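Understanding the architecture of this molecule
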Amino acid sequence: MIGSGTLTKQIAGYLARTGYEALNDDAVRATKDHILYTLGTILAGSSAPGIKQVLAGAQALSGGSLESTVLVQGDKLPAAFAALVNATMGHSRELDINDDRIAYKSSITVIPAALAVAERVGNVSGEDFIAAVCLGVDLGIRLGLATNPKPVHARAIALGPFAAAAACGKILALDETGFHNALGIAFCRSTVAGNSTVAPSLTKRLGVGFASQSGVIAAMLAAAAFPASGEVFQGSAGFFQTFYEREGDYDALIDQLGGRFEIVLVGPKPFPSCRYTHGAVTGCLNLLRHHSIKGHDVQEIRVQICERDMRSVGGWTKDEKKKKRRPEGVVDAQFSIPYTVAATLMSGGLSLEEFTDAKLRNEEILDLAARVKLILNQDLDKGPMDVKPQVVEVVTRDGKVLSEQVEYPKGNPNNPVTSEELVESFRGMATYAAKSLSADKVDDAVSLALRLEEVPDVSILTKLLTH
């Protein structure tokens, strides 16, 4: 156990001295995957509800120098405000990467923040950008893994300021004292509140934007030598005691620090809905691959889920169950097993198309959603991961019962998204950009991201991904 007063210093020193040369091949590959995929979620989110208002508010509030780009739109804002808008866009479609162990949105706060600061600084190489993103994502995940009690649901609005500050600090070339200050300032901006998942509220996606913005602010204040030293994580006034009322698992936080990078164990998220729906969606897709299932042939769909999933994506009360079966808005649909299962079976997949207004009002999908029966199976609550197994049973009108249990939903490293699927996902997300991007720009962005370590200035990405 590290004594109180030394943990933050150790982490700050590690961040200051660790660069691209410390990353192994798997870490580099995974980081590039996270960068490409996260940029895709930003493109797709640029046309989401609420984004026009976020951009207008940022423009009205910022006032200062025009230094970093809002992707797709092309507007220039101060780096912190560009991070706010881009991160909010990236979280707006429920596509951003999720760590199944702790439910932490691992990259969506880090990459927009790092990109905004890199553009502000100028001439940041691909190698340095990859290192900054990898170290920032790794720190955020480690903080989540260190949180007690386990399994934990680690929110990006709580961990994101630290992760983004670490990444931005690398780009700003902070020393150990600077990183120590940046982490202390980030703690001032960390929160676990403001995470509504009920329509018409959109604060869940905005909270992630604030976390990314906070990382930029923390790193820039630290670069200006604002003092914020002291122990950030341990002790009665530290992060873990403040938010979780118990000390963290500090062995998990520092185990093989700089030798093992947690980003390798987190993969892209394939469906634009809450991760807690993905086991059932994966089960439906597996059944569709092996059986000919038509919506009108289905008598009932039984989905076994744990208590936590029942409360969040199943509906605990009568009124909640009704809203899950007939969502009042896109947020309700994204957090509904009845809707996502029905939409998957009717459409043969679950893409952004299934969350358009037309599909949300589609009576065939809603009729099938009404036939989804959710069964509480508390045995599924067991196990170390935050994302739990789920069981799907499709009962046909001729009496057949087709069953599929999913331990690892698509996107988990044990059921990974392939490199080809990753690129296909990026191209698909790009088609939802608020302003159309040329095929050449999309092709060039893919090529650049896949060889990012060779690029002398990553700001070229902002030019390729702007209308």
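Provided above is the structure to which this section pertains.
Report on the accompanying structure.

The rules behind the values
- Residues numbered from 1 in each chain as written.
- Predicted model: local features only at pLDDT ≥ 70, side-chain atom pairs only at ≥ 80, totals over all residues.
- Heavy atoms only, no water.
- Helix = DSSP H or I, 4+ residues; strand = E, 2+ residues; numbered from the N terminus.
- Rg over C-alpha atoms; globule rule 2.2 N^0.38 Å.
- Buried < 20%, exposed > 50% of the residue type's maximum accessible area, 1.4 Å probe, protein only.
- Contact = heavy atoms within 4.5 Å.
- Areas by Shrake-Rupley, 256 points an atom, 1.4 Å probe, with all protein chains shown as cover.
- Lys, Arg positive; Asp, Glu negative; His and termini not counted.
- Charge placed at Lys NZ, Arg CZ, Asp CG, Glu CD.
- Axes fitted to C-alpha atoms, helices over the stretch in contact; angles between N-to-C directions.
- Left-handed = near helix turned anticlockwise from the far one by under 90°.
- Salt bridge = Lys/Arg side-chain N within 4 Å of Asp/Glu carboxyl O.
- Phe/Tyr/Trp six-rings, centres within 6.5 Å; stacked < 30°, edge-to-face > 60°.
- Lys NZ or Arg CZ within 6 Å of the ring centre and 35° of its normal.
- Pairing = 2+ DSSP bridges.

This part is about the overall build of the protein chain. When its secondary structure is counted, the protein chain shows 21 helices and 8 strands. At 22 Å, the protein chain has a C-alpha radius of gyration in line with the 23 Å of a compact globule built from 467 residues. The dimensions of the protein chain, computed from C-alpha atoms along their principal axes, are 70 × 50 × 40 Å. Burial statistics for the protein chain: of 467 residues in total, 60% are counted as buried. Taking the intrachain contacts of the protein chain between residues at least 6 apart in sequence as the baseline, contacts between residues at least 24 apart amount to 77%. When the accessible surface of the protein chain is summed, it comes to about 17,700 Å², and 51% of that surface belongs to carbon and sulfur atoms. Distance between charge centroids for the protein chain: 5 Å, based on 47 positive and 53 negative side chains.

So, about helix α16 (residues 337-347). With 9 of 11 residues buried, α16 is to be regarded as a mostly interior element. Turning to α16, its buried residues are I337, P338, Y339, T340, V341, A342, A343, T344 and L345.

This paragraph deals with the environment of A449. Relative to the elements of secondary structure, A449 occurs in helix α20 (residues 439-450). Among the residues examined, A449 registers a relative accessible area of 1% and is labelled buried. On a C-alpha basis, the gap between A449 and L71 in space is 15 Å, while along the polypeptide they are 378 residues apart. In contact with A449, not counting residues within four places along its chain, are K32 and L36.

What follows deals with the packing of helix α5 (residues 110-121) against helix α6 (residues 126-146). Viewed as axis vectors pointing N to C, α5 and α6 meet at an angle of 145 degrees, and their least axial separation amounts to 10 Å. Of the two elements, α5 crosses α6, and the hand of that crossing is right-handed. Residue-level inspection shows V110, I111, A114, L115 and A118 of α5 in contact with α6, the latter providing F129, V133, G136 and V137.

We now examine the pattern of salt bridges. Summed over the entire model, instances satisfying the criterion amount to 27 salt bridges. Measuring nitrogen to oxygen at the nearest pair gives 2.6 Å for the salt bridge that ties E94 to K204. Note that E94 is positioned in the loop between α4 (79-91) and β3 (98-99) and K204 in helix α9 (residues 203-223), a separation of 110 residues in sequence. E94 sits in the buried class, given a relative accessible area of 3%. The exposure class assigned to K204 is buried, which follows from its relative accessible area of 13%.

So, about the packing of aromatic side chains. Tallying each qualifying case throughout the model produces 11 aromatic pairs. With a centroid separation of 5.1 Å and an interplanar angle of 75 degrees, the aromatic rings of F239 and F240 are classed as edge-to-face. Owing to a relative accessible area of 0%, F239 belongs among the buried residues under this scheme. Accessibility expressed as a relative area gives 0% for F240, which makes it buried. Ring plane angle 70 degrees and centroid distance 5.3 Å describe the contact between F239 and F243, whose orientation is recorded as edge-to-face. In this pair, F239 and F243 are both assigned in helix α10 (residues 239-244), 4 residues apart and thus about one turn of the helix distant. Ring pairs connect the aromatic residues F162, F187, F233, F239, F240, F243, Y244 and Y250, which therefore count as one cluster. Its end group placed over the ring of Y276, R308 keeps NZ or CZ at 3.6 Å from the ring centre.

Relative to the assigned elements, L43 resides in helix α2 (residues 25-45). The exposure class of L43 is buried, given its relative accessible area of 0%. Apart from the residues within four sequence positions on either side, L43 is in contact with V72, F426, M429, A430, Y432, A433, A434, L437 and L465.

Residues in a regular strand point their side chains to alternate faces of the sheet. Extensive coverage of strand β7 (residues 390-396) is indicated by the burial of 7 of its 7 residues. Of the strand pairs in this sheet, strand β5 (residues 298-305) and β7 are connected by 6 bridges, and their pairing is antiparallel. Residue pairing for β7: V298 is matched across the bridge by T396. The turn joining β7 and strand β8 (residues 401-406), which pair antiparallel and follow one another in sequence, is formed by 4 residues; a positive phi near 95 degrees is taken by G399.

Time to look at the environment of V394. With respect to the secondary-structure elements, V394 resides in strand β7. Under the relative-accessibility criterion, V394 is labelled buried at 0%. Sequence-wise, V394 and L287 are 107 residues apart; in three dimensions their C-alpha atoms are separated by 8.6 Å. What V394 contacts, discounting residues up to four positions off in sequence, is L287, I293, V298, E300, I301, L345, K400, V401 and L402.

With that out of the way, let us pick up unusual backbone geometry. Note the cis peptide between N148 and P149, where omega equals 0 degrees. Positive phi, close to 55 degrees, is recorded for E94, a residue that is not glycine.

Further remarks concern the sheet that holds β5. Taken in spatial order, the 4 strands of this open sheet run β6-β5-β7-β8, and their pairing is mixed. Looking at which strands have only one partner, the edges of the open sheet turn out to be β6 (372-376) and β8. Across the sheet, the axes of successive neighbouring strands diverge by a mean angle of 15 degrees, strand direction being ignored. Against the sheet, helix α13 (residues 307-314) makes contact with β5, β6 and β7, and its axis sits at roughly 145 degrees relative to β6, the strand it touches most.

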